[in-house]
Amino acid sequence: MIGLALRSLKFYKGGFVASFIALFFGAAIVIACGGLLETGVRELAAPQRLQAAPIVLTGDQGYPGSNKVFRERVRLDASAVSKAEAVSGVRAAVPDISVPAVVVPAGGKGGVTVTGHGWDSARLGPYRLVQGSAPSAAGQIALDSRLAARAGAKAGDKVTLGVHGTLAAYRVTGLVSGPGAAGTLFLADTDAARLAPQQGKVDSIGVLTRPGTDDSRVRAALADAFAGDPVSVLTGDQRGRAEFPDVVIHGKNLVSMSAVFGGLAAMVTVFVVASTLGLSLQQRQRQMALLRAIGSTPGQVRRMVLAETFTVAVLATALACVPGPRLGHWLLGRFVDADVVPDVMIYRSGWIPMVAGAGAALLTALGAAWIAARAAARTRPTEALAEATLQRRGLNWIRAVFAVLCLAGGTTLALVTMNVDGATAGSTATPAAMLWAAGFGLLGPVLTRLMTALLRWPLRAVTGLSGQLAVLNAKARATRLAGAVMPVMLATGMATALIYLQTTQNQGAQQAFEENLRADLVLTSVTGGVPASLAAGLDKEPGVAAASAYVPSSGFLEPSKAALAAYDGKGRKPKGTPVQITGVSATGIGRTTAIRAVSGSLTDLTGDTVALPESSAGGHRIGERIPMRLGDGTKVEPRLVATVGDQRGYGAALMPAATVAAHTTDGTVPQILVAADPGSDTARLAAELTGSGAPLPGLRAADRADLVSASAEQNDTQTWVAYLLVALVVGYAAIALVNSLVMATGERRREFTLQRLVGATRGQVMRMMTVEALLTALAGLGLGMLVAVATLVPLSQAVLARSTPAGPPSILLAVLAAALVLTVGTTLLTARLALRTRLSSAIGSRD
């Protein structure tokens, strides 16, 4: 049987080529997503400024005991420097401090964003002086030579530097050359310590080892010395995490995103391969029947089919290992272009993604082949030829059970989606769409018969005899028709559901932003931030009704002491819940935003206090201490002074701006929201607040329309990345659609020939096939829309509080038109080619 299987490949090239295409593209996409997943898990970035240090210590960005991360840089206590120096084998422990700054040109317009560091850390690069001398006193800096060329500065010049909302003049004592970004400058160590975002903290520590010392032993000793502390001991390309903490933060996003879309691609591959192999074996039912009739056992038939499929699958998956990693690398580049991940992240796609992708494709192919061959192998010899002709097999109990499980899972996730926050509804809606599509796919023959019954009368009425013949063909060969309808359902259903899922979530976030914003102006600074105290003085300016600082961040609500006390060591230990945190000014938040207190008062939001969304404040009373972790992991227990509305999950915990800003990466307030007096000219007010008499030099103003536009642009950028992955998966489904239709139509040469022999013209056959193509398209579109509706209605309820998703109707029209054109066009083109076959050769080719 194995030899027969290998020899039979050349006689059924069409079916095996179609299977090869489905497996090749499916494996390539899964391997690409696996490479992105490995890249996100490894979180590697080549060190630049710290490359001379073989070991680097930095704060652990991970939330203890989970895969969640802190969104702000986690810094180390300055005392860790002396602790590291005391470890055996350490020659020096050099602290590194990053000071966000802006080089402001004359006139105060624009500016070059830079990062300042203490001069002592220059040896970690290493950097070398190419002109002048090192900064040794307050008010002195050394510039990267590339930065100096851009700013038009040289040794001896004075430049204006904006740091923490203030402008000051610094003398350039020298120019340096070394690795890293061009926007690097060095301050005197005393200035770097004074201007650090957090006093008494350092960003990282570069460890220089003694000559002849084994670095791995020093690393182990450092790990032992800091055991129990939130400290990461890094070597190799892990050291890049210390310079670029965004690698860790966005690496987690890359993991979740690639896992979701990799799973989606794997699910699509399962159905595409199963459909393709099923159609391929249906073409060979006559051969299977003859084999059973001459005495072949069911096991021999199964082994023959499995051997054929295994041969094709091994070749397809082996070849997919070549473009798969390259596709993943290309996708990572697109994510970098969209600022979703930092450009320093190193792409890694080792043997694990390849084995996983190839293994998934092989298991899918063999599983689909076993299922497809099972019915033919178990057919009794006396019924074999009749079965091959009539195709009367119904839905077996295995498919029925799995279909019910998938539909039950989809229903459960739909109910969950309707009752979760709008911001997180997509995390359950996406797997729900996958389950709906899987359930419908497993029920393909039954649903196809149902759709045929619904459409037969309209088609007969409009198309006459051609429609009648098409409907009779559909009824007689429901299994074959289902194999063509399911790819249409999969492509249209997943495309519509996933695209409108993104547009709906985008609209929900944008709508929440616009509804919440009441400010007429937003002030920023060319220095990159302003002092938190600025908002308190602005409301005294003429024309200003209210002003509030605005500091976006995130953190965690820690388990209550009662929950921790009740934990008995069994089951899952209570963990923190992620929460958005916004720093505000108590006196201005009520006038500059739509946030309103449900209980308590926002005017009490001063000092060590917090206001929580209602959904997060469950079980807590006003005046109670709330255990939290701020954005950099710092533990606090502010007093609850108010609760606020949830805004469908887009709300945030409110804390005093100075408190939140002190625990962000930059350490400053990025924006001040300003509400103008009624009837005031906002343009004139903006000019007064940013002109020569401005309360702070370097201020810039933007009106509400500019803010709304910037928010929409940011949402569009993030959504574009999801569109890219959706396009990849849907494009694969479209290829499978064409693949299946070519197979389903191309194998009917004998049928077309018989129709020609009994007197039918080519035009009549083509008209019949046009009606069949329309039937296939309409049935697939109808089922696909059911998948989309079942996915999008719960999502829209959660995000927009309505049943209809957001997004232009043109998207739906484009999906429907594309599916219709692909289905009808492919069917008719294949039928036209099949009709060119000579009558004698068509009759004899299979007999």
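The preceding data block contains the structure.
Residues numbered from 1 in each chain as written. Predicted model: local features only at pLDDT ≥ 70, side-chain atom pairs only at ≥ 80, totals over all residues. Heavy atoms only, no water.

## Looking at the pattern of salt bridges
Put simply, the rule is: Put simply, a salt bridge is a Lys or Arg side-chain nitrogen that is within 4 Å of an Asp or Glu carboxyl oxygen. For the purposes of this entry, the term helix denotes a DSSP run of H or I that reaches at least four residues, the term strand denotes a run of E that reaches at least two, and both are numbered from the N terminus. For every residue, the accessible area (1.4 Å probe, protein chains only) is compared with the maximum for its type, and the residue is labelled buried under 20%, exposed over 50%, or partly exposed between those bounds.
Enumeration according to the criterion identifies 19 salt bridges in this entry. A salt bridge links Arg-49 to Glu-243; the nearest nitrogen and oxygen atoms lie 4.0 Å apart. Within this pair, whereas Arg-49 is found in the loop between α2 (13–42) and β1 (55–59), its partner Glu-243 is found in helix α7 (residues 240–243), the two being separated by 194 residues in sequence. Both residues of the pair, Arg-49 and Glu-243, count as buried. Among the ionic contacts, a cluster of salt bridges with common partners joins Glu-43, Arg-241 and Lys-252.

## Re the sheet that holds strand β13 (residues 231–234)
To summarise the sheet geometry, strands pair through backbone hydrogen bonds and adopt either a parallel or an antiparallel arrangement. Cut-off, in case you're wondering: Strand pairing requires that DSSP identify at least two bridges connecting the strands. A fitted line through C-alpha atoms serves as each axis, taken over the contacting stretch for helices, and the angle formed by two N-to-C directions is quoted from 0 to 180°. Between two residues, a contact is recorded if the distance between any of their heavy atoms is within 4.5 Å.
An order of β3-β12-β1-β13 is seen for the four strands of this open sheet, with the pairing classed as antiparallel. Of all the strands in the sheet, the pair left with one neighbour each is β3 (90–96) and β13. Ignoring which end each strand starts from, the neighbouring axes of this sheet average 20 degrees apart. Note that β1 and β13 share four bridges and pair antiparallel. Looking at the pairing, Val-56 lines up with Leu-234 of β13. Helix-sheet contacts for helix α6 (residues 215–225) involve β1, β3, β12 (204–209) and β13, and the interaxial angle to β1 is about 20 degrees.

## Notes on the packing of aromatic side chains
Just so we agree on the cut-off: Here a Phe, Tyr or Trp ring, Trp counted by its six-membered ring, pairs with any other such ring whose centre lies within 6.5 Å, and the pair is stacked when the planes are under 30 degrees apart, edge-to-face when over 60, and tilted otherwise.
A complete count under the given rule lists eight aromatic pairs for this structure. Between Trp-119 and Phe-186, the aromatic rings sit 5.5 Å apart at their centres with planes inclined by 90 degrees, giving edge-to-face as the arrangement. Placement of Trp-119 in the loop between β5 (112–118) and β6 (128–132) and of Phe-186 in strand β10 (residues 184–187) is noted, with a sequence separation of 67 residues between them. The structure contains a cluster of three or more aromatic residues connected by ring pairs, namely Phe-20, Phe-24 and Phe-25.

## Here's the deal with the packing of helix α15 (residues 426–442) against helix α16 (residues 444–463)
Geometrically, a packed helix pair is captured by the angle between its two axes and the distance between the axes. To keep things clear, this is the line we draw: Any angle that falls under 35 degrees is termed roughly parallel, while one over 145 is termed roughly antiparallel, one within 65 to 115 roughly perpendicular, and all others oblique.
In the contact formed by α15 and α16, the axes pass within 5 Å of each other and the chain directions differ by 80 degrees. Between α15 and α16, the angle falls in the class roughly perpendicular. Contacts from Phe-440, Gly-441 and Leu-442 in α15 reach Gly-444, Pro-445 and Leu-447 in α16.

Coordinates in, geometry out; function isn't part of it.
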